[in-house]
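# Coordinate analysis (summary)
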Amino acid sequence: MKRVLVVMLAISVLMTGMIFSKTVVTFWESMGGDLGKTLTQIVDTFNSQHANIEVKAIYVGSYSTLQEKLLASAVGGGLPTISQVYSNWTAALMKSNVIQPMQTFIDNPQIGLSQSQLNDIWEPFLKANTWNGKIYTLPFNKSIYIMFVNQDALALAGVSIPKTVPELINDLPLLTIKDSSGKVIQYALGLRTTVDTYEIFLRQNGADFINSDYTKATLDTPVALETLQTLVNMIKSGDVLGQGGYLDGPFGNGQIAMYIDTSAGLSYTANSVGGKFSWTIAPVPAWKTQAPPFAGTDLAIFNTATTEEQQAAWEFVKFLLSPQIQAFWAIKTGYLPVTKSAVETQAWKDYAASNPMANILVSQIPYGSSDPGIAAWSQIRNDVGTLVSDAMFFKKTPQEALQLAQQEVTKDLLGQ
């Protein structure tokens, strides 16, 4: 009996040692609702396959809350092992020297990535995660701006999906429906009166808020004015519903025939429509070019963690980038698969066969554009957003708004 007790005690001690030998990876994230449930499934799967690692996904709250907490922890301590980050957060965190570049792990011959594995990541995403030739972060939840289209409304008006901005403008009055009193009961298009809308059309028009080397504001240019004036004219026409909130609701109610937003809104749109009419998605109408912005975050590993924790986090990153997990994540959430191999999986092929919109999304990845990876970008977006919104609500003329925006962005760049 004593021998049995000794053996049981030894087993208990051994198991306890095994439990305590696990490397714990803390992962700060902002995936709420169904997105959070899907992420939990992925984390649980990883943990079940890695007996020596435990990833603890910690929901921090909104992106703004996560940003504040990361920047405060970079100074005061308490950073996680790994976190979601936007590129401008990365730039700010790099100043505190707390990010362990992913390049360190990629180049490691024992645990790194082969050149073919690295090339598997879509080039626009890899480029957006690179600073001075070094990969600091890797892509996680990525979406792209697209146009949502009520196919029944367009068919009734005898209109094809507009492929260019001139076509879009030409179709607006054809898709607007008014009642006998002249009240609009269906707007042709919905536009959010936000910085995102201006950024989308400005990039399609071949420009941006700042120049390519991030040193000068470029909002005092003819193309910047042409873009904002076009948006204002569209809203003034009475054919466009301009509002600050999300537009999946008005779209689902038949109040608007088309609207532009990110692919992350696909599930919300499907719920809003609820089978009331046929709908699809299409690329954002081109102007001088095709460069719809990407949205979404990347992953950063912090050097404040131990070497073992960092390497464990790297194993988790590689797991997230694996073809099957990328396909699962994209199918369940509507985010883009960030690797090419994900669209070659049987799971994705089956999904795309019954969901043609999936192929439309993937086709846009090579054309997508990313925000500049500079610390001042959040402030720049805020400043530009306030002023272009004033123009779209007719509080300022486009010229006045952009003149002030040029001044504010110039200050933002100087203050970096």
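Residues numbered from 1 in each chain as written. Predicted model: local features only at pLDDT ≥ 70, side-chain atom pairs only at ≥ 80, totals over all residues. Heavy atoms only, no water.

## Considering the pairing of strand β14 (residues 294-302)
To be explicit about the condition: Type-normalised accessible area, obtained with a 1.4 Å probe on protein chains alone, sets the label of each residue: buried when under 20%, exposed when over 50%, and partly exposed for intermediate values. Numbering of helices and strands runs from the N terminus, with a helix taken as a DSSP run of H or I at least four residues long and a strand as a DSSP run of E at least two residues long. By definition, two strands form a pair when at least two bridges between them are found by DSSP.
β14 sits mainly inside the fold: eight of its nine residues count as buried. Across four bridges, the pairing between strand β3 (residues 82-85) and β14 is antiparallel. Its bridge partner being in β14, Q84 is matched across the sheet by L299. With two bridges joining them, strand β4 (residues 99-100) and β14 adopt antiparallel strand pairing. Across the sheet, residue Q100 finds its bridge partner in β14, namely I301. Where strand β7 (residues 138-150) lies against β14, five bridges are found, and the strand directions are antiparallel. Bridge pairing links L138 to L299 in β14.

## A short note on the environment of G36
Tracing the backbone shows G36 in helix α2 (residues 33-49). Accessibility expressed as a relative area gives 11% for G36, which makes it buried. G36 sits 297 residues away from T333 along the chain, and the two C-alpha atoms are 9.7 Å apart.

## Here's the deal with the pattern of salt bridges
Condition: By salt bridge we mean one thing: a side-chain nitrogen of Lys or Arg within 4 Å of a carboxyl oxygen of Asp or Glu.
Per the stated rule, a full pass over the model turns up 12 salt bridges. Note that K37 and D34 form a salt bridge whose closest N and O atoms lie 3.9 Å from each other. With a gap of three residues between them, K37 and D34 both fall in helix α2, about one helical turn apart. Residue classification places K37 among the exposed residues on the basis of a relative accessible area of 57%. Classification of D34 by relative accessible area gives exposed; the value is 59%. One salt bridge connects R203 with E199, and the closest N-O pair in it is separated by 2.9 Å. Separated by four residues within a single helix, R203 and E199 lie in helix α10 (residues 195-204), roughly one turn from each other. Note on accessibility: R203 and E199 belong to one class, buried. If you follow the salt bridges from partner to partner, you end up with D196, E199, R203, D208, D371 and R381 in one network.

## Observations concerning the nonpolar core
Definition in use: By nonpolar core is meant a set of buried Ala, Val, Leu, Ile, Met, Phe, Trp, Tyr and Cys residues that side-chain atoms within 4.5 Å join together. Residues are treated as being in contact if the distance between any of their heavy atoms lies within 4.5 Å.
Within the largest apolar cluster, 65 residues are counted, with the highest numbers of intra-cluster contacts made by M102, L138, W314 and V317. The element that contributes the greatest number of residues to this core is helix α14 (residues 307-321), accounting for eight residues. Every residue in contact with L138, bar those within four places of it in the chain, is listed here: M102, I121, L126, N129, D298, L299, W314, V317 and L321. Counting residues in hydrophobic clusters, the runner-up holds 50 residues, among them L168, I200, L202 and V409.

## What to know about the side chain of T194
Its location among the elements puts T194 in the loop between β10 (189-192) and α10. In contact with T194, not counting residues within four places along its chain, are G244, V388 and M392.

Interpretation in functional terms is not warranted from these geometric data alone.
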